[in-house]
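# Tertiary structure, described
Single-letter residue listing:
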Amino acid sequence: MDFKKYSSLMVCLFAVLGIALLAVGIVVRGDNLYTGITYAVVGIFQLLIALSAIPRLRGKDGAAMGNVVVQHNWWILSVGIAGLAVFPSRFFSLPSAGLVYLAVAFSAIWVILGIIDIYLAVKRTGARLAV
Amino acid sequence: MAEAKYPWKDKFGDYALVPVPPGERRSMMGCFLIFTGVLACIAAIMGGGALGTMFNFRDLIIVSVVGCAILAVIGGLTAGIGAISGCSTYVNMRFPYGRIGAWIFGTIIAGISCGIGWFAVQTWFFGIFVNAIAPKIFLSEIWVAAIWGGFFMILTAVIGYRGLAVLSYLTVPMFMLLAGIGFMVAIGESAGGFSGLLKIAPSNPASFVAGVTAVVGMYIAGATITQDMTRYTTRPRDGAIAWIIQVMILMPYLLVGAGAMVLATGEANIAAAMVAIGLGLGAFLLVFFGQWTTNDNNLYSGALSINTYVPVKKWMLTVTLGIIGIALAVYWGLAAGAGMQPFINFISTLGRVLPPIAGGLIADFYVYRWYKGEKLSERYKVKPGMVIPELNWVGIIAVVVGAVVGGYLITWGIPALNALLLGFIVYVILAIPCDKAGIPITIGKHALPDTGI
């Protein structure tokens with residue numbers, strides 16, 4: 001797949017996951033307020049990181065586009081790691097363990113895809129690892 | 001038009017002594033994240049925690065914002081110098097202080113203060129916090145953690161700007177998020193919760209001036225050496241903008257968050273607060289990455305400064321300074337902190353001595369060079385064969401007067417700011433009249449070879 005199309009697809013996926021986690025946070029706030037706030041904040045962070053990539057990617061090609069992809073995926077990866085580190089803790093537990101697994105799964109997706117995207121951007125567009 | 005050939009030889013690596021070439025310049029975001037990586041450490045949270053013992057919540061916000069605004073002005077001005085010249089702090093200091101003056105002040109600012117002193121202290125802190133998170137493991141013995149933690153810190157400092165940038169990209173959002181979660185949970189779980197925060201009186205009230213001094217003192221060394229990073233920015237304004245945003249938004253966030261946590265809980269150790277509620281992995285990441293991104297910068301700047309007069313590859317200096325720092329941290333770890341007080345006093349002294357160095361630099365670059373009719377974009381632009389002074393006696397006097405009178409003899413105001421302003425004023429009122437009277441302000445000459453040393 002063309003890398004431009006691929007990176008746009010990834011941005012959409014990250015945004016959708018962000019919205020989904022934000023929604024989960026709103027739903028669970030009655031069960032555990034801290035969990036609700038934390039999910040919502042992480043969701044909003046990822047949503048903003050993804051959405052802010054859209055205007056920055058517009059009209060760019062090659063390494064310039066790759067550099068933007070690298071930047072945003074570093075942040076997606078970073079926030080994803082924070083989610084993976086805190087979501088499974090007992091303090092953020094919920095009556096429905098399935099929702100916790102879902103939040104952890106979202107974080108894992110952000111981490112894995114973040115790493116893959118950075119690798120692909122460097123490999124296929126010649127982008128810099130540190131922009 | 002063909003681009004002019006880069007005339008320098010980067011003999012020591014990472015453009016330690018020569019301007020960063022245009023093709024190697026990086027984005028404002030990268031610079032912003034490196035600055036934030038320096039700020040994002042447990043020591044900053046502990047500093048905010050100390051403010052929490054001195055002020056109520058409202059005054060805590062005011063003191064933090066005022067202190068950060070002062071740092072924003074100082075760091076913004078020095079950041080612009082690096083972005084325009086493309087050179088490190090210690091190369092730029094050759095203009096207001098001469099080559100030998102730059103060695104001396106560079107060594108005081110970065111070689112001793114950052115490269116050895118703060119690197120050792122932060123590595124030691126790293127050991128202490130890792131030990132607090134997992135006390136019964138061999139790898140988390142204070143001295144053992146100091147060794148392996150110090151190794152990681154040396155690693156990114158050896159790689160250079162790229163290493164610092166990659167680590168900051170990965171770490172900064174994570175650190176800010178984890179710190180926010182830590183603050184929220186610690187305050188929310190305290191007896192009074194968020195609603196009680198506004199009513200809590202500080203345990204150890206202090207004056208407004210003492211608070212602002214503490215905030216400025218926390219980061220004045222960082223504000224002085226911003227050029228080590230901004231030399232890599234593409235546009236002249238990028239470095240200043242990056243500095244101002246991080247110091248005006250993220251620094252108050254950390255200080256007020258930590259101060260509020262201490263007001264509510266009486267506990268300044270965010271890692272301990274997180275471990276107590278089962279967020280051990282989050283606490284570990286906070287400590288591990290927070291200390292790492294800060295301390296590799298300390299080592300990086302220390303090696304850069306010493307490289308101006310020790311002509312070896314920069315990575316060798318980085319490793320040597322790193323090993324000395326780790327050895328000190330291991331000693332403190334084994335001796336359970338014995339002998340730390342004299343060192344802390346020494347570091348506090350530097351907080352009064354460093355600001356006039358920035359004052360003289362700002363005065364020379366923005367006022368004296370303007371008076372001499374140099375275009376802003378041409379100031380501090382070094383070229384191979386260019387003659388630089390061995391010593392600038394006006395700069396030396398400005399720093400000594402600023403440090404002694406502003407830092408110690410004047411008993412009102414903020415010592416760090418007094419020292420900086422005096423350094424600035426003395427430089428201007430000596431340099432311009434001397435120039436008008438035809439009295440040379442520099443002694444000796446040195447022609448720069450293409451290696452920049």
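Below is a short write-up of the structure. (Residues numbered from 1 in each chain as written. Chains lettered and ligands numbered in written order. Predicted model: local features only at pLDDT ≥ 70, side-chain atom pairs only at ≥ 80, totals over all residues. Heavy atoms only, no water.)

### Some remarks on the overall build of chain A
Secondary structure summary: chain A contains four helices and zero strands in total. Against the 2.2 N^0.38 benchmark of 14 Å for 131 residues, chain A shows a C-alpha radius of gyration of 15 Å, consistent with a compact globule. Projected onto its principal axes, the C-alpha coordinates of chain A cover approximately 45 × 25 × 20 Å. When burial is assessed residue by residue, chain A has 53% of its 131 residues classed as buried. The long-range share in chain A, meaning contacts at least 24 apart out of those at least 6 apart in sequence, stands at 75%. (Helix = DSSP H or I, 4+ residues; strand = E, 2+ residues; numbered from the N terminus. Rg over C-alpha atoms; globule rule 2.2 N^0.38 Å. Buried < 20%, exposed > 50% of the residue type's maximum accessible area, 1.4 Å probe, protein only. Contact = heavy atoms within 4.5 Å.)

### Topic: the overall build of chain B
Along chain B, the regular secondary structure elements total 17 helices and two strands. By the compact-globule yardstick of 22 Å for 453 residues, chain B fits well, its C-alpha radius of gyration being 22 Å. Overall, the C-alpha framework of chain B stretches about 70 × 45 × 45 Å when taken along its three principal axes. When each of the 453 residues of chain B is scored for burial, the buried share is 60%.

### Observations concerning the interface of chain B and chain A
Think of interface size as the accessible area that goes away when the parts come together; that is how it is often given. Across the contact, 29 residues belong to chain B and 23 residues belong to chain A. For the pair chain B and chain A, the summed buried area comes to about 2300 Å², and 75% of that belongs to carbon and sulfur atoms. When the area that chain B buries against chain A is broken down by residue, the three leading residues are Tyr169, Leu177 and Met184 of chain B, summing to 27%. The tally of links between chain B and chain A comes to zero salt bridges. Our enumeration of links across chain B and chain A arrives at eight residue pairs in polar contact (both at pLDDT 80 or more). Mapped onto the side of chain B that touches chain A, the elements with two or more residues apiece are helix H1 (28-39), helix H7 (161-188) and helix H13 (280-306) of chain B. Among the elements that make up the side of chain B that touches chain A, the one with the highest residue count is H7 of chain B (14 residues). Tallied by class, residues from the side of chain B that touches chain A come to 17 nonpolar, seven polar and five charged. (Buried area = accessible area lost by both parts, 1.4 Å probe. Salt bridge = Lys/Arg side-chain N within 4 Å of Asp/Glu carboxyl O. Polar contact = N/O pair within 3.5 Å; in protein donor to acceptor, adjacent residues only side chain to side chain. Nonpolar A, V, L, I, M, F, W, Y, C, P; charged D, E, K, R; others polar.)

### Details of the packing of helix H2 (residues 33-57) of chain A against H7 of chain B
Running from N to C, H2 of chain A and H7 of chain B cross one another at 160 degrees; their axes reach a closest spacing of 11 Å. With respect to each other, H2 of chain A and H7 of chain B are oriented roughly antiparallel. Taken as a pair, H2 of chain A and H7 of chain B cross one another with a handedness that is right-handed. Residues Tyr34, Ile37, Thr38, Val41, Val42 and Phe45 of chain A of H2 of chain A pack against Leu177, Ile181, Met184, Val185 and Gly188 of chain B of H7 of chain B. Grouping the amino acids of the contact of H2 of chain A with H7 of chain B by side-chain chemistry returns nine nonpolar, two polar and no charged. (Axes fitted to C-alpha atoms, helices over the stretch in contact; angles between N-to-C directions. Parallel < 35°, antiparallel > 145°, perpendicular 65-115°, else oblique. Left-handed = near helix turned anticlockwise from the far one by under 90°.)

### Description of the pattern of salt bridges
All names here are of chain B. What the rule picks out here adds up to eleven salt bridges over all chains. Taking the shortest distance from any N to any O, the salt bridge between Arg231 and Asp14 comes out at 4.0 Å. One end of the pair, Arg231, is in the loop between helix H10 (227-230) and helix H11 (236-265); the other, Asp14, is in the segment before H1, and 217 residues separate them in sequence. The class for Asp14 is buried, based on a relative accessible area of 17%. Among the salt bridges present, the one from Asp435 reaches Lys372, with a minimum N-O distance of 3.1 Å. Of this pair, Asp435 sits in helix H17 (residues 415-437) while Lys372 sits in the loop between helix H15 (340-371) and strand S1 (387-392), and the two are 63 residues apart along the sequence. The exposure class of Asp435 is partly exposed, given its relative accessible area of 25%. Residues participating in the shared-partner salt-bridge network are Asp14, Arg231 and Lys314.

### Digging into helix H6 (residues 142-159) of chain B
In an α-helix, one turn spans 3.6 residues; hence positions three or four apart end up facing the same way. Residue and element names in this part refer to chain B. An ideal rise of 1.5 Å per residue puts 26 Å on 18 residues; H6 measures up with 26 Å between its terminal C-alpha atoms. For H6, the set of buried residues is Val144, Ala145, Ala146, Gly149, Gly150, Met153, Ile154, Thr156 and Ala157. One or two steps after H6, the chain reaches Gly160, where phi turns positive at roughly 100 degrees. (Expected span 1.5 Å × (residues − 1).)

### Comments concerning helix H14 (residues 314-334) of chain B
Taking 1.5 Å of rise per residue, 21 residues should cover 30 Å, and H14 of chain B covers 30 Å from first to last C-alpha, within 8% of that figure. Of the positions making up H14 of chain B, those classed as buried are Lys314, Leu317, Thr318, Leu321, Gly322, Gly325, Ile326, Ala329, Val330, Trp332 and Gly333 of chain B.

### Topic: the nonpolar core
In this structure, Tyr39 of chain A together with Leu71, Met93, Met251 and Leu254 of chain B are the most contacted members of the largest nonpolar core, which totals 184 residues. Counting residues per element, this core draws most heavily on H7 of chain B, which supplies 19 residues. Among all residues touching Leu254 of chain B, those that are not within four sequence positions of it are Leu39, Ala40, Ala44, Ile45, Phe175, Met176, Ala179 and Phe183 of chain B. One finds Val367, Tyr368, Val394 and Ala398 of chain B within the second-largest nonpolar core, a separate group that totals 13 residues. (Core = buried A, V, L, I, M, F, W, Y, C linked by side-chain atoms within 4.5 Å.)

### Things to note about the side chain of Asp364 of chain B
Residue and element names in this part refer to chain B. With respect to the helices and strands, Asp364 occurs in helix H15. Within the structure, the side chain of Asp364 is placed 2.5 Å from the side chain of Tyr380, a separation counted as a polar contact. Only 2.5 Å separates the side chain of Asp364 from the side chain of Tyr427, close enough to count as a polar contact. Residue contacts for Asp364: discarding those within four places in its chain leaves Phe95, Pro96, Arg369, Tyr380 and Tyr427.

### What to know about the packing of helix H5 (residues 94-133) of chain B against H14 of chain B
Residue and element names in this part refer to chain B. Relative orientation of the contacting elements H5 and H14 amounts to 45 degrees, with a least axis distance of 8 Å. In terms of axis orientation, H5 runs oblique to H14. The way H5 lies across H14 gives a crossing that is right-handed. Contacts from Gly115, Ile116, Phe119, Ala120, Val121, Thr123 and Trp124 in H5 reach Leu321, Gly322, Ile324, Gly325, Ile326, Leu328, Ala329, Trp332 and Gly333 in H14. Grouping the amino acids of the contact of H5 with H14 by side-chain chemistry returns eleven nonpolar, five polar and no charged.

### Concerning unusual backbone geometry
Residue and element names in this part refer to chain B. For Tyr15, which is not glycine, the phi dihedral falls at a positive 50 degrees. With respect to the secondary-structure elements, Tyr15 resides in the segment before H1. We classify Tyr15 as buried; its relative accessible area is 16%. One non-glycine residue, Tyr380, adopts positive backbone phi at about 60 degrees. Tracing the sequence through the fold places Tyr380 in the loop between H15 and S1. Since its relative accessible area comes to 2%, Tyr380 is described here as buried.

By themselves, these are just geometric observations and shouldn't be taken as functional.
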